[in-house]
Each structure stands twice: as structure tokens, then as C-alpha cells.
Amino acid sequence: MSRLPLGLSQVWVRFLLAIFGLRLAFGAALFSTILGESGNLWGTIILASAALLLAAFVGLTTVPYLARRVVASRVREAMDYDVTRAGLIYILISVVIGIAAINTGNNLLYVVVAALLSAILVSGVASALVLRSLELDVHLPEHVFAARPLLARLLLRNTSSWLPSFSVRVVPAKRKVRIKDRWQWEAYTLGLPRNRAPQNQWLRLPDRRLRRVREEAEKPILQESVYFPFLAPEQKLRADLEIKFPARGRYCEKNFGLATRFPFSFLMKTRRINLAREVIVFPIVDSADQFLEVLPMVTGEFEAFVSGRGNDLYLIRDYMPDDSARHVDWKATARTGALKVREFSREDERKLRIVFDNPPPGVLAPEVYERGIRLAASLGWHFHHEDVEVSFVAPGLEPTEDVFTFLRYLALVEPQEATPVFSRLRASDDYNLIVTARAKSEMPTALAARSYVISLGEARSG
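Every chain is numbered on its own, with residues counted from 1 as its sequence reads. For this predicted model, a pLDDT threshold of at least 70 governs which residues receive local features, and a threshold of 80 or more governs which side-chain atom pairs are given and counted, while totals over whole chains, interfaces and linings are taken from all residues. Only hydrogens and water are removed before side-chain values are computed, so all heavy atoms of the structure are retained for them.

### Notes on helix H8 (residues 366-384)
Consideration 1: Spanning 19 residues, H8 covers 27 Å between terminal C-alpha atoms, matching the ideal 27 Å at 1.5 Å per step.
Consideration 2: Those residues of H8 that sit buried are Val 368, Tyr 369, Gly 372, Ile 373, Leu 375, Ala 376, Ala 377, Ser 378, Leu 379, Gly 380, His 382 and Phe 383. We count a stretch as a helix when DSSP gives it H or I for four or more residues in a row; a strand needs E for two or more, and each element gets its number in order from the N terminus. To estimate the expected span of a helix, count its residues, drop one, and scale the result by 1.5 Å. A 1.4 Å probe rolled over the protein chains alone gives each residue an accessible area, and that area as a share of the maximum for its type sets the label: buried under 20%, exposed over 50%, partly exposed in between.

### Details of the sheet that holds strand E2 (residues 134-139)
Consideration 1: Strands are labelled as partners when DSSP assigns at least two bridges between them. Strand order across the open sheet formed by 3 strands is E2-E4-E9, with antiparallel pairing between neighbours. Since the sheet does not close on itself, it has two edges, and those belong to E2 and strand E9 (236-243), each with one partner. For this sheet, the mean inter-axis angle between neighbouring strands, taken without regard to orientation, is 20°.
Consideration 2: As paired strands, strand E4 (residues 150-158) and E9 are joined by 8 bridges and run antiparallel to one another. Note on E9: the bridge partner recorded for Leu 150 is Ile 243. What counts as an axis is a line fitted to C-alpha atoms, over the stretch in contact for a helix, and the angles between N-to-C directions run from 0 to 180 degrees.

### Points about the pattern of salt bridges
Consideration 1: Here, a salt bridge means any Lys or Arg side-chain nitrogen found within 4 Å of an Asp or Glu carboxyl oxygen. Considering all chains together, one arrives at 10 salt bridges under this definition.
Consideration 2: Across the pair Asp 137 and Arg 277 runs a salt bridge whose closest N-O atoms are separated by 2.7 Å. Taken together, the positions of Asp 137 in strand E2 and Arg 277 in strand E11 (residues 267-282) put the pair 140 residues apart, joining distant regions of the chain.
Consideration 3: A salt bridge links Arg 248 to Glu 414; the shortest N-O distance between them is 3.9 Å. With Arg 248 in the loop between E9 and strand E10 (249-260) and Glu 414 in the loop between helix H9 (403-412) and strand E18 (431-436), this pair connects stretches of sequence that are 166 residues apart.
Consideration 4: The exposure class assigned to Arg 248 is buried, which follows from its relative accessible area of 9%.
Consideration 5: Among the ionic contacts, a cluster of salt bridges with common partners joins Arg 248, Glu 370 and Glu 414.

### A few points about the side chain of Asp 286
Consideration 1: In this structure, Asp 286 sits in the loop between E11 and helix H6 (295-305).
Consideration 2: Within polar-contact distance, the side chain of Asp 286 engages the side chain of Arg 374 at 2.8 Å. Identification of polar contacts relies on pairs of N or O atoms within 3.5 Å, with a donor-acceptor requirement for protein atoms, meaning one able to donate a hydrogen and the other able to accept it, and with residues adjacent in sequence counted only if both atoms are side-chain atoms.

### Here's the deal with the environment of Arg 438
Consideration 1: For Arg 438, the location among the structural elements is in the loop between E18 and helix H10 (445-449).
Consideration 2: You can call Arg 438 buried: its relative accessible area is 18%.
Consideration 3: Counting along the chain gives 18 residues from Arg 438 to Leu 456, while the straight-line C-alpha distance between them is 7.3 Å.
Consideration 4: Only 2.7 Å separates the side chain of Arg 438 from the side chain of Asp 357, close enough to count as a polar contact.

### Structural notes on the nonpolar core
Buried together is how nonpolar side chains tend to be arranged in soluble globular proteins.
Consideration 1: We define the nonpolar core as a collection of buried residues of types Ala, Val, Leu, Ile, Met, Phe, Trp, Tyr and Cys that are connected through side-chain atoms lying within 4.5 Å of one another. In this structure, Ile 354, Phe 356, Phe 406, Leu 410 and Leu 433 are the most contacted members of the largest nonpolar core, which totals 37 residues.
Consideration 2: Elements with a minimum of two residues in this core: E11, strand E15 (351-356), H8, strand E16 (389-394), H9, E18 and strand E19 (451-455).
Consideration 3: Among the elements that line this core, the one with the most residues is H8, at 8 residues.
Consideration 4: Whether two residues touch is decided by their heavy atoms; if any such pair falls within 4.5 Å, the residues are in contact. Not counting chain neighbours up to four residues away, the residues in contact with Ile 354 comprise Leu 379, Gly 380, Phe 383, Val 390, Ser 391, Phe 392, Val 393, Phe 406 and Leu 433.
Consideration 5: The next biggest cluster of nonpolar side chains, apart from the first, holds 29 residues, and it includes Leu 131, Leu 134, Leu 231 and Leu 258.

### Remarks on the confidence of the model for the protein chain
Consideration 1: A score from 0 to 100, pLDDT tells how confident the predictor is in each residue. Residues at a pLDDT of 70 or more form 76% of the protein chain, whose mean pLDDT is 79.
Consideration 2: The low-confidence segment residues 71-77 (pLDDT under 50) makes 7 contacts with residues lying over four places distant or belonging to another chain.

### Looking at H9
For the α-helix, the turn length of 3.6 residues means that residues three or four positions removed from each other point alike.
Consideration 1: For H9, the set of buried residues is Val 403, Phe 406, Leu 407, Tyr 409, Leu 410 and Ala 411.
Consideration 2: Of the residues flanking the start of H9, the one acting as N-cap is Asp 402, its side-chain oxygen 3.2 Å from the backbone nitrogen of Phe 404.

### Quick look at unusual backbone geometry
Consideration 1: In this structure, Pro 263 follows Phe 262 across a cis peptide bond, with omega equal to 5°.
Consideration 2: Structurally, Pro 263 is set in the loop between E10 and E11.
Consideration 3: Here the phi dihedral of Ser 265 falls at roughly 65°; this positive angle occurs in a residue that is not glycine.
Consideration 4: With respect to the helices, strands and loops of the structure, Ser 265 is situated in the loop between E10 and E11.
Consideration 5: Ser 265 gets classed as partly exposed once you look at its relative accessible area, which sits at 28%.

### Comments concerning the sheet that holds E15
Through backbone hydrogen bonds, the strands of a sheet pair up, either in parallel or in antiparallel fashion.
Consideration 1: Strand order in the open sheet formed by 5 strands is E17-E16-E15-E18-E19, and the pairing between neighbours is mixed. Since the sheet does not close on itself, it has two edges, and those belong to strand E17 (397-400) and E19, each with one partner. Neighbour-to-neighbour, the strand axes of the sheet open up by a mean angle of 15°, direction not taken into account.
Consideration 2: Judged from the 5 bridges that link them, E15 and E18 form a sheet pairing that is parallel. When the sheet's bridge partners are listed, Phe 356 is paired in E18 with Val 435.
Consideration 3: Together, E15, E16, E18 and E19 form the strand contacts of H8, whose direction differs from that of E15 by roughly 165°.

### Here's the deal with the packing of H8 against H9
Consideration 1: Following both chains from N to C, one finds H8 and H9 inclined at 170°, their axes separated by 10 Å at the closest point. Taken as axis vectors, H8 and H9 run roughly antiparallel relative to one another. Where H8 approaches H9, its residues Ile 373, Ala 376, Ala 377, Gly 380, Trp 381 and His 384 are matched on the opposing element by Val 403, Phe 404, Phe 406, Leu 407 and Leu 410.
Consideration 2: Under the convention adopted here, Pro, Cys and the residues Ala, Val, Leu, Ile, Met, Phe, Trp and Tyr are nonpolar, Asp, Glu, Lys and Arg are charged, and Gly plus all remaining residues are polar. When grouped by side-chain class, the residues that make up the contact of H8 with H9 number 9 nonpolar, 2 polar and no charged. Working definition: roughly parallel below 35 degrees, roughly antiparallel above 145 degrees, roughly perpendicular at 65 to 115 degrees, and oblique for all remaining angles.

### Some points on the environment of Thr 436
Consideration 1: By the element assignment, Thr 436 lies in strand E18.
Consideration 2: Note on Thr 436: relative accessible area 1%, which makes it buried.
Consideration 3: Put simply, Thr 436 and Asn 358 are 78 residues apart on the chain and 6.9 Å apart in space, counted from C-alpha to C-alpha.
Consideration 4: At a separation of 2.8 Å, a polar atom in the side chain of Thr 436 contacts the side chain of Asp 357.

### Section: the packing of aromatic side chains
Consideration 1: Two rings from Phe, Tyr or Trp (for Trp, the six-membered ring) form a pair when their centres are within 6.5 Å of each other. A pair whose planes differ by under 30 degrees is stacked, one over 60 is edge-to-face, and the rest are tilted. For the coordinates displayed, the defined rule picks out 11 aromatic pairs.
Consideration 2: When the centroid spacing of 5.8 Å and the interplanar angle of 65° are considered together, the rings of Trp 381 and Phe 404 count as edge-to-face. With a gap of 23 residues between them, Trp 381 in helix H8 and Phe 404 in helix H9 connect regions that are remote in the sequence.
Consideration 3: According to the relative accessible area criterion, Phe 404 is partly exposed, its value standing at 24%.
Consideration 4: Aromatic side chains Phe 392 and Phe 406 sit 4.6 Å apart centroid to centroid with 15° between the ring planes, which places their arrangement in the stacked category. Highlighted residues: Phe 392 in strand E16 and Phe 406 in helix H9, separated in sequence by 14 residues. Per residue, the accessibility class of Phe 392 equals that of Phe 406, and both read buried.
Consideration 5: A connected cluster of aromatic rings, assembled from ring pairs, spans Phe 145, Phe 282, Trp 381 and Phe 404.

Here you go:
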């Protein structure tokens, strides 16, 4: 004899329990009527209350379950219901009047209870009609920076040719917060002895290790609701919402919600719209005057490296035999009494390579790591707008000249074990600006000689 599937057997158990509970409620209600006619007031109150509570318990537990599993699974997936404070008060009043109607047998009270329950039914049907014919679209900017406000454009359209919509809100979709750990393999360098600095270890071999990584909950895009009081048939409305993302990273929404309390505010009914949106938020980019402790030194070292002839004045120096007479600075010569020439920086060699050396986990404190990412992003953005041919290199990033590719990498990067980026740097005439947790002494000598190193290692975590 074949067995029923587990899910179907649970449905039948719930159904039979519901029938049994409703029969008990009916029996209690019948005996309460008999006791009321015999003059037993307390027995009538107890049995009538028990009948009402049994019926309510079945209605709140078994009926939604059966509807979810058998009849209205698609409807449930599309709608969410939340009882408002006004709705709770209304239901409480309906229950009190219902108890009074059962105890007294007054037909007028039965009519009032029926009217109250009908209002709840009308509210549910009306709110469903208001939300049914709405279409939503959300437009977000392509390039988004943390801590900078942006405008998100929401387009709401009523596709119905005859029915208007009232009091609609675009709300963030409900989401379950799930934070779990997973195991992943990552690149690792085995160095011996372990207690020595990398440059002092006599054995270093590429290896892999299994590490537990915590997956954080998805960061939502929409944080507040947008209200549309009225949409006429076939009308399309637009709303611009200012959004600011506090930190770098990936923000995404798998769906949005359209909610309404129309017409009586008993329920907040929310229709979920399957509309996936994703935003990669770049790190905070500071203006030049906010990292002046680094920028002048970087610029000075860079200009000294590329000094030569061009259009940008580099310095005024003494005349050399191989200098052209057209570069003589006659004002400086007359002032000093010695022949002086102007020296310029070479435009054709103003090539800068920005390198972000991503450290392994635990090397830097989180706040120091974020400060390094912010500094790398700020320097990359600054030199991208200067008269410099700039390129970007980082572990896990193909060398690129696109600043937005570099910013996207910085938006998503996390500390990880990887082969040092210095081994991937090809010999070139570029001047290197390196943001790293290592000391300059740990780098190859030839690379350090043509680089400006910003070391974050002084703030290592213990």
C-alpha cells in the first residue's frame, strides 16, 4: 500500500484537526444556547467564549496553512498582510460585539457583527484592486560613491483603463536576515620559519588553505517609502528619491513592495514586485585638500622622476653646454648674473601606475584597511583627472587604465591570501604609487627605486 507524501499527509492532518476543532466550537455554542435558555448565565458565558476562541484559533492557525499549501500559494507569494493599530482595535470591537450577540441572542447584534465582518472583506477586496494594475520601475545611477547623495528615479504606472489607485506607497521589500558561515579555498604562501618576516624566510612555497568566511546579509537599496496619493487610470507618475549609501560594497534588492491601507486602514496590504536591482558603491573619494599630507609628497616625487623638457615648468637651473639657447631664462640671468635655463617636465613620460597591495586577513585592523582603500581610491580619482597617463594594478585585477574598473574592485575587495602583487609588475618606465601594508624594505630594490610607497603597516593589528 503506497504512502502519501509527507507534505500531503501534513495537510490532511491539519484539515482533520480543523474539522474536529470546528465541531467542538459548534457544540460549545449549541450548549451555551441551551444553558442561556435555562438561565445559567455563567455557563452560557464560558461555553460561548470557548466556542469563539476555538473558532478563532482554527481560523488563525489552520486556515492560513491550508490556503498556503493547497489553494492560494501564488496569492500568498504575491501579497503580504500586516494588521494596523486601527485594525486591531476594530477586530477587538467585533469580537466583543460577537460575544454579546451569542450571549443575548439579539438579532440586531448579529446584523452589526455581520456588517463589521463585511467591512473587513470589502477592505481586502478594495486594496487588492488598487494594487493589481500597478507597474513599477526603478532607475539608479551607473556610478555611485559612498557618502554622496544620489537621486533614484521611481516610475509608477497604472495600467488599468478605468480604475484609479489611491494611497500607494513604494516600500522596501521584507527580507530575512541570514548571516551564515561557509568554507572556501584561497591562495596561501607557506613560509618557513613562520616567525620571520617574508624577506627573511628561507622557504616560501605557494599553497592553498581552507578558511571559514562569513557571508553577511544583503544590503538593501531602498531605506524609506515613497508615497503616491493618487494615480488616475493609465497615468504614469515619477518620483525622485535622494539616497545615500554609508559604506562601499554591493547593495541589491530582489523585489520591491507596493503597499496601501486603502480604504479603511485596517490592513497594510503589500504586493511584492519582482524587480531585481544591484548597485556597486565605490569607496569614499576625498577631495585633494583632505589628503594633503600625502598628495604633495607624491606629486613631488613623481615630478622629480619625470623631470625633462616639456611645457610644464619644473625648475630654473644653471646653464649646461648642451642646453638650447631658447630655454634661457633672461630675467633670472639678469637677476643672478649667471646664465640660467628653464627645465620642464616631459609630458610624454608622465605615466603613473597606482598599485594596491591587498594584505592577507588579520594583518591590518579593519579601520586601517578601510582607510587604505579610501586613500587608494582618492589618489586614483585625483590623478585620473590630471594630465597623467595612469594605470591600476591590484591582486585579482587585470592591469587596467579604466578608473571605474579600479573603483569597482576597491568597492568589493576584502583581505585575502594571494601572491604578492610585486611579482606581477612588469618592467616599465612608469612611476609607481604603491599602497601597501608592507615596509618599503620588503620590496625589490629596482621597484622601490622608482616608487612612492604609502605603508599602512605602522597600524597593524595585534
